[in-house]
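# Observations on chain architecture
The primary structure of each chain is shown beneath.
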Amino acid sequence: MIRTIATILAVLTAAEFIYIFYLETLVPTSKKTSEVFKIPQDTLRQDTVKTLLKNQGVYNGLLGVLILLAVFCFASLAMTAVLMVYIILVAAYGAVSSQPRILLMQGGLPILTLIFLLLTLA
């Protein structure tokens, strides 16, 4: 049961990062992207900002894919845990350097996933 919950949380984390990929890479100037990242649409339309968002989006999308690979192709709790720790550390940096809410927004699901992964090992 605990492993199933960990798997569901990991898949939700992957979905979150694939959604971020969608916002940053496929629709970087959209109203939704503006709302989620609290960046005015005029700013999002600047070529430099679009390029940065698209590059960041690819990173986030591939992170989502890696999580899915860790869960379903490799069935590796250790690899999944490492990816969750990585995301939590990045979220912590974002919380310190940008906005504290990033820790829960970006790190909330990975924190829960990591807790359930650790419970699986216990």
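In case you missed it, the structure is sitting above this.
Residues numbered from 1 in each chain as written. Predicted model: local features only at pLDDT ≥ 70, side-chain atom pairs only at ≥ 80, totals over all residues. Heavy atoms only, no water.

## A short note on the packing of helix α1 (residues 2-26) against helix α6 (residues 101-121)
Note the cut-off: Simply put, an axis is a line fit to the C-alpha atoms, just over the touching stretch for a helix, and the angle between two N-to-C directions goes from 0 to 180 degrees. Only DSSP runs of H or I reaching four residues or more are called helices, and only runs of E reaching two or more are called strands; each is numbered from the N terminus. Under this scheme an angle from 65 to 115 degrees is roughly perpendicular, one under 35 degrees roughly parallel, and one over 145 degrees roughly antiparallel; angles in between are oblique. We call a crossing left-handed when the near helix sits turned anticlockwise from the far one by less than a right angle, and right-handed when that turn is clockwise. Here, residues are in contact when the closest pair of their heavy atoms is within 4.5 Å. Just so you know the grouping, Ala, Val, Leu, Ile, Met, Phe, Trp, Tyr, Cys and Pro go in nonpolar, Asp, Glu, Lys and Arg go in charged, and all remaining residues, Gly too, go in polar.
Relative to each other, α1 and α6 sit at 155°, their axes nearing to 8 Å. By the criterion of interaxial angle, the relationship of α1 to α6 is roughly antiparallel. Our pair here, α1 against α6, has a crossing hand that is left-handed. On the side of α1, the interface is formed by Ile2, Arg3, Ile5, Ala6, Leu9, Ala10, Leu12, Thr13, Glu16 and Phe17, while α6 contributes Met105, Gln106, Leu109, Pro110, Leu112, Thr113, Phe116, Leu117, Leu119 and Thr120. Considered class by class, the residues forming the contact of α1 with α6 number 14 nonpolar, four polar and two charged.

## Points about the side chain of Ser34
When you line up the elements, Ser34 lands in helix α2 (residues 31-37). With sequence-adjacent residues up to four places away left out, Ser34 is seen in contact with Ile39, Pro40, Gln41 and Leu44.

## Looking at the packing of aromatic side chains
Threshold: Between the rings of Phe, Tyr and Trp (Trp by its six-membered ring), a pair exists once the centres lie within 6.5 Å; its type follows the angle of the planes, with under 30 degrees stacked, over 60 edge-to-face, and the other angles tilted.
All told, the structure shown has one aromatic pair when counted by the stated rule. Measuring from centroid to centroid gives 6.2 Å for Tyr19 and Tyr22, while their planes differ by 25°, and the two rings are stacked. Remark: Tyr22 and Tyr19 occur in helix α1; sequence separation between them is three residues, near one turn of the helix.

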